[in-house]
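Structure assessment
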Amino acid sequence: MADGGTVNVAAGRYDVSLVISKPLTLRGVGRDTTILHAQSGTALKLSASGITVDAVGIVNEGTAATGVRITGDRATVQNSRIAGFLSEDAVVGIGLAQG
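Being a predicted model, the structure only gives us computed values, none of them experimental. (Residues numbered from 1 in each chain as written. Predicted model: local features only at pLDDT ≥ 70, side-chain atom pairs only at ≥ 80, totals over all residues. Heavy atoms only, no water.)

All right, on to the overall build of the chain then. When helices and strands are tallied, the chain shows zero helices and ten strands. Secondary structure elements of the chain occur, N-terminal to C-terminal, as β-β-β-β-β-β-β-β-β-β. The proportion of buried residues among the 99 residues of the chain is 40%. Considering only contacts within the chain whose residues lie at least 6 apart along the sequence, 58% involve residues at least 24 apart. (Helix = DSSP H or I, 4+ residues; strand = E, 2+ residues; numbered from the N terminus. Buried < 20%, exposed > 50% of the residue type's maximum accessible area, 1.4 Å probe, protein only. Contact = heavy atoms within 4.5 Å.)

In this section: the environment of Gly57. For Gly57, the location among the structural elements is in strand E7 (residues 57-70). Apart from residues no more than four positions distant in its own chain, Gly57 is found in contact with Arg31, Thr34, Ile35, Leu36 and Arg81.

In this section: the pattern of salt bridges. Counted according to the given criterion, the structure contains four salt bridges. The partner of Asp54 in a salt bridge is Arg27, and the shortest N-O contact between them spans 3.3 Å. Highlighted residues: Asp54 in strand E6 (residues 51-54) and Arg27 in strand E4 (residues 25-27), separated in sequence by 27 residues. Residue classification places Asp54 among the buried positions, given a relative accessible area of 9%. (Salt bridge = Lys/Arg side-chain N within 4 Å of Asp/Glu carboxyl O.)

Moving on, we come to the pairing of E6. Side-chain alternation along E6 places Ile51 and Val53 on one buried face and Thr52 and Asp54 on a second face that is also buried. Sheet topology note: the E4/E6 ladder contains three bridges and is parallel. Paired with Arg27 across the strands is Asp54, a residue of E6. Examined bridge by bridge, E6 and strand E8 (residues 75-78) share four bridges and lie parallel to one another. From the neighbouring strand, Thr52 faces E8, where its bridge partner is Thr76. (Pairing = 2+ DSSP bridges.)

With that settled, the discussion passes to the sheet that holds E6. Pairing within the open sheet is parallel, and its four strands lie in the order E1-E4-E6-E8. On the outer flanks of this sheet lie strand E1 (6-8) and E8, each paired with one strand and no other. Geometrically, the sheet is characterised by an average inter-axis angle of 10° between neighbouring strands, direction not taken into account. (Axes fitted to C-alpha atoms, helices over the stretch in contact; angles between N-to-C directions.)

The structure is reproduced here in structure tokens:
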């Protein structure tokens, strides 16, 4: 996929630990219908500048530490829901870090 492209994700539940390392848009159908489910680690790591995440739900039902970890210079998370990251095992819903 070329930089700046769009990955469309159909409705459904996806068990993931996903890393996006190039500028693109990850677009779901809706925050209650396209669910990225984390069981451990980080559900979604955004490690490039210019990434947009739109219309997805990011849910922890296991021992995931972080919902979205942003290490790139710029990222947009919009029309989305991050839930279930407030427990003994979870650390944070959204984490920001340099590099």
